[in-house]
Amino acid sequence: METKLCFSCVQYKPTSCFHKAKKEKDGFQYHCIDCSKKYHAKRYVEQKDKLKVQLKKYKVENKEKLDAAALLWKKNNPDKVKKYQKITNLRKNFGLSIEDYEQMLIKQNNVCAICEKPETFIHHMTNEPAALAVDHCHKTNKVRQLLCRKCNSAIGLFHEDVKVMQNAINYLETHNG
């Protein structure tokens, strides 16, 4: 096992404890990963405002390059993108974590709270069943339960009006034949 001296903590450590650096003769940075992390954390605290300005400037000056890199990453990591989008959607729109959503799924046995069937809608991009939708009251934003796309759409088409929905039930009972 090859070792290298860290110039910060003055300890010999395996080269696996150092970031690679093409410009250095031995191919590794002068400081071990732990010392590097400590240095950058300290530097960030000390120069937080200055670094924010530098970062903002860098983003403006390199917008096209950063956008291209982001698109490439998204293209190469579709599963991660899908997961991040799900997490962001749940948190932003409903105040739920992915764990909250999964607990609701378990509690409902992975089926719709109304029709008691699994989701049948197939997503055109993935050719997989879509996830159950988080149903919520549009007046209070209170999360109710998980619904399949058909049941969630039906409630929306009835404008969440219980009287109109009851009229629909009465209509079907009267004209069922």
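Going by the structure above, here's the rest.
All figures in this text were calculated on a predicted structure; none of them were measured in a lab.

1. Remarks on the overall build of the protein
Tallying secondary structure elements over the protein gives seven helices and six strands in all. Reading the secondary structure of the protein in the N-to-C direction produces β-β-β-β-α-α-α-α-α-β-β-α-α. In terms of overall dimensions, the protein is more spread out than a globule: its C-alpha atoms have a radius of gyration of 27 Å, far above the 16 Å expected for 177 residues. Dimensions of the protein, computed from C-alpha atoms along their principal axes, come out at roughly 85 × 40 × 30 Å.

2. Focus: the packing of aromatic side chains
On inspection of all chains with the given rule, the structure shows two aromatic pairs. A centroid spacing of 5.2 Å and a plane angle of 85° characterise the contact between Phe 7 and Tyr 30, whose relative ring orientation is edge-to-face. Taken as a pair, Phe 7 in the loop between β1 (3-5) and β2 (12-14) and Tyr 30 in strand β4 (residues 28-32) lie far apart in primary sequence, 23 residues in all. Residue Tyr 30 is classed as partly exposed on the basis of its relative accessible area of 42%. With a centroid separation of 6.1 Å and an interplanar angle of 15°, the aromatic rings of Trp 73 and Tyr 84 are classed as stacked. Taken together, the positions of Trp 73 in helix α3 (residues 63-76) and Tyr 84 in helix α4 (residues 78-94) put the pair eleven residues apart, joining distant regions of the chain. Sitting over the face of the ring of Phe 18, Lys 4 holds its NZ or CZ atom 5.9 Å from the ring centroid. The side chain of Lys 86 reaches across the aromatic face of Tyr 101, ending 4.0 Å from its centre.

3. Section: the layout of surface pockets
Its volume calculated, the largest pocket comes out at about 880 Å³. Listed by contribution, the elements that provide at least two residues to the lining of the largest pocket are α4, α5 (98-107) and β5 (133-136). Residue contributions to the lining of the largest pocket peak at ten residues, all from α4. Of the pockets and cavities examined, the second largest pocket occupies roughly 180 Å³. As for the second largest pocket, its lining consists of Ile 114, Asp 135, Arg 144, Cys 151, Ala 154, Ile 155, Phe 158, Glu 160, Val 162 and Met 165. Counting only elements with at least two residues in the lining of the second largest pocket, the list comes to α6 (149-157) and α7 (162-174). Ranked by the residues each element gives to the lining of the second largest pocket, the list is headed by α6, at three residues.

Definitions and cut-offs
- Residues numbered from 1 in each chain as written.
- Predicted model: local features only at pLDDT ≥ 70, side-chain atom pairs only at ≥ 80, totals over all residues.
- Heavy atoms only, no water.
- Helix = DSSP H or I, 4+ residues; strand = E, 2+ residues; numbered from the N terminus.
- Rg over C-alpha atoms; globule rule 2.2 N^0.38 Å.
- Phe/Tyr/Trp six-rings, centres within 6.5 Å; stacked < 30°, edge-to-face > 60°.
- Buried < 20%, exposed > 50% of the residue type's maximum accessible area, 1.4 Å probe, protein only.
- Lys NZ or Arg CZ within 6 Å of the ring centre and 35° of its normal.
- 1 Å grid on protein atoms, 1.4 Å probe; cavity = no way out; pocket = protein on both sides within 12 Å on 5 of 7 lines; lining within 4 Å.
- Points joined across faces, edges and corners; volume = space filled by probe spheres on them.

It is worth stressing that arrangement in space is one thing and function is another; only the former is reported here.
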